[in-house]
Amino acid sequence: MQVIFSENLPADARLVAYVVDKGALPDGLEKPLADGAGAARFKGNAGQLFEGFVERDGKVVRVAIAGAGAADAEDRSARLEKAGAALTAKYLTSGEKQIALDMRGSNLSGDELASVLLGLRLRGWRHDAYRTKLKEEQKKTLEAVTVVGAPEGAEAEWSTQAAVAEGVEFTRTLIAEPANKLYPVSFVEKCRAAFEGTGAELTVLDEEQMEELGMHALLGVGLGSEQPSRLLAITWNGGGDGKPTAFVGKGVTFDTGGISLKPGPGMWDMKWDMGGAGAVAGAMLALVKRKAKANLVAVLGLVENMPDGKAQRPGDIVTSMSGQTIEVLNTDAEGRLVLCDALHWVQEEHKPARIVDFATLTGAMLIALGHEHAGVFSNDDDLAEQLLAAGKASGDKLWRMPLAPAYDKLLDSPICDMKNIGPREAGSITAAQFLQRFIKDGTPWAHCDIAGTVWSDKPGATWDKGATGYGARLIDRFVRDNLEG
Ligand code: BES
Ligand code: MN
Ligand code: ZN
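Residues numbered from 1 in each chain as written. Chains lettered and ligands numbered in written order. Predicted model: local features only at pLDDT ≥ 70, side-chain atom pairs only at ≥ 80, totals over all residues. Heavy atoms only, no water.

*Asks:* Explain the packing of aromatic side chains to me, and be specific about the residues and the numbers.
*Replies:* Applying the stated criterion across every chain yields a total of four aromatic pairs. When the ring of Phe42 is compared with that of Phe50, the centres are 6.4 Å apart and the planes differ by 50 degrees; the resulting orientation is tilted. Of the two residues examined, Phe42 and Phe50, each falls in the buried class. Ring geometry for Phe247 and Phe478: centres 6.3 Å apart, planes at 90 degrees, overall edge-to-face. On the criterion of sequence distance, the pair formed by Phe247 in strand β9 (residues 245-255) and Phe478 in helix α14 (residues 472-482) is long-range, its members being 231 residues apart. Note on accessibility: Phe247 and Phe478 belong to one class, buried. (Phe/Tyr/Trp six-rings, centres within 6.5 Å; stacked < 30°, edge-to-face > 60°. Buried < 20%, exposed > 50% of the residue type's maximum accessible area, 1.4 Å probe, protein only. Helix = DSSP H or I, 4+ residues; strand = E, 2+ residues; numbered from the N terminus.)

*Asks:* Describe the coordination of the zinc ion (ligand 3), listing the residues and the values that go with them.
*Replies:* Within the protein, the zinc ion (ligand 3) binds to Lys250 (NZ), Asp255 (OD), Asp273 (OD) and Glu334 (OE); these donor distances fall in the range 2.0 to 2.4 Å. Geometry at the zinc ion (ligand 3) is octahedral, judged from the six donor atoms that bind it and their angles of 78 to 173 degrees at the metal. Written as a sequence motif, the donor residues of the zinc ion (ligand 3) are K-x4-D-x17-D-x60-E. A separation of 3.2 Å is found between the zinc ion (ligand 3) and the manganese ion (ligand 2), which share Asp255 as a coordinating residue. Of the two residues, Asp255 sits in strand β9 while Asp273 sits in the loop between β9 and α8 (275-289), which places them 18 residues apart along the sequence. Like Asp273, Asp255 is buried. (Donors = N, O, S within 2.8 Å, 3.2 Å for Na, K, Ca; no water. Tetrahedral: all angles 85-135°; square planar, octahedral: opposite > 155°, others 65-115°.)

*Asks:* Please set out the domain arrangement of the protein chain residue by residue, giving values where relevant.
*Replies:* When the domains of the protein chain are assigned, the result is domain 1 (2-152) and domain 2 (162-482). For domain 1 and domain 2, the distance between their C-alpha centres works out to 37 Å. Counting residues at the interface gives 13 residues for domain 1 and 20 residues for domain 2. For the pair domain 1 and domain 2, the two sides together bury roughly 1500 Å², of which 57% comes from carbon and sulfur. For domain 1, the biggest contributors to the area lost against domain 2 are Arg121, Leu122 and Trp125; these three give 44% of the whole. Taken together, the links from domain 1 to domain 2 amount to two salt bridges. Notably, a salt bridge pairs Arg473 with Glu81, separated by 2.5 Å at the nearest N-O pair. In this assembly, domain 1 and domain 2 are joined by five residue pairs in polar contact (both at pLDDT 80 or more). Each residue belonging to the side of domain 1 that touches domain 2 can be placed in one class, and the counts come to five nonpolar, three polar and five charged. (Domains from an automatic or database assignment. Contact = heavy atoms within 4.5 Å. Buried area = accessible area lost by both parts, 1.4 Å probe. Salt bridge = Lys/Arg side-chain N within 4 Å of Asp/Glu carboxyl O. Polar contact = N/O pair within 3.5 Å; in protein donor to acceptor, adjacent residues only side chain to side chain. Nonpolar A, V, L, I, M, F, W, Y, C, P; charged D, E, K, R; others polar.)

*Asks:* Tell me about the coordination of the manganese ion (ligand 2), and please be specific about residues and values.
*Replies:* Of the protein atoms, only Asp255 (OD), Asp332 (O), Asp332 (OD) and Glu334 (OE) coordinate the manganese ion (ligand 2), at distances of 2.1 to 2.2 Å. Considering all six donor atoms around the manganese ion (ligand 2), angles at the metal cover 71 to 166 degrees and the coordination shape is irregular. Here the donor residues for the manganese ion (ligand 2) map to a single chain with the spacing D-x76-D-x1-E.

*Asks:* Explain the pairing of strand β12 (residues 325-328) to me, and be specific about the residues and the numbers.
*Replies:* Residues of β12 alternate between two faces, with Thr325 and Glu327 on one and Ile326 and Val328 on the opposite face, all of them buried. Where strand β11 (residues 316-319) meets β12, four bridges bridge the pair, whose relative direction is antiparallel. Its bridge partner being in β12, Val318 is matched across the sheet by Ile326. Once β11 ends, the chain turns through five residues before running back antiparallel as β12, passing Gly323 with a positive phi of about 95 degrees. Relative to strand β16 (residues 418-419), β12 is paired through two bridges, and the arrangement is parallel. Within the sheet, the bridge partner assigned to Glu327 lies in β16 and is Lys419. (Pairing = 2+ DSSP bridges.)

Next up, the structure:
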């Protein structure tokens, strides 16, 4: 979706939109529309939309009024996004190519308008690459929004938010791609293309290099796959010479469960088991495109988990890069095996000031929190608070979950350092405890289990059904509020 700023209403504008606060209507609105809005019980609630037709200068104009809710709402920006998204949801395939968003007479500030535009753009993302038989009326028609009479500073605010939108869209595209198209090597290629010319540096470790480093936990997961594993690091030095903040993502491009094979129904969902890596990659793209003033490193563990004659077996013991040994009792608990080597590597290689990892790690997370919140586990209260706040502000909501030695104990193995699974109970917590065993003392670390928030079976505030892009905005907001300036 193209965003154009203009002082005047385009002469050919057929669809004119307004965004209003709760209880308000645009200044000077024609009586039929004002009465119509009342009759339709339009209240200006966030995401509410009223549409009417009116004659202006001898032409029939389609008028849309989107509600942004109360001006003093705590989650004002999320509500403004809803207003923008409501416009897109209504007109994306309507035949209209342009929306003229009339801001003359509006009291929205520049950053409020940018929120509207962000919602408008995000709700318009679709992955139509594989559809060859779309009917005319199913095709996306909306191409651009012309903002008329934008407030001071809106263009600069939008250029920041446009970078965020690009990042979210990259996350969604990675997640939507099926596993025959997106595997470790093609994941890296897509990142190379996306980050080309941005100033970010990409480092790729192949299997031989990982073997040399002793990453047998990560490599063990990929043994059954024809697709070679990769570790991708993306570094961005945007702010002085302080230690970097590390973001680590689980990038299992398909998770069959391996020899501990998953049941068939629903297995297709496991194409988005790279959602953590997708979130981190998209966030980095946003941060790099808006030239974030922070030192950052992203590490993505990219592996496919398949059953095969060469696959690892339940009961196999692997030595991780840290030297700690792991009894792989369930080959379907593979995400933690990928992450433990990625986490150890980033600490050795980059000595980060703090680490946040993202992973579709456990089905138990979905059972605990459903699709509303992802779970955050942390050894550091300040870091946890910062992430929770970023979650609230960005709409990518988090809920804190516990860590404790009593849970950690459940991973002790009778034959080596640890098992890769605990009992059925507290499955998300023991998974987090497993990861914590690879965090060096004194390093603030948080783990976000995003298994329930990556994919949606129904449209949400700023997404259609499918890939939500969860995590990209959370990370962007966390960096903005805590690491920059
Ligand atoms: N990728 C799955 C977790 C998952 C399940 C994410 C459903 C999204 C939706 C993960 O690799 C997995 O299989 N976890 C197992 C762990 C168990 C074997 C201890 C699980 O949750 O069942
Ligand atoms: Mn699994
Ligand atoms: Zn998995």
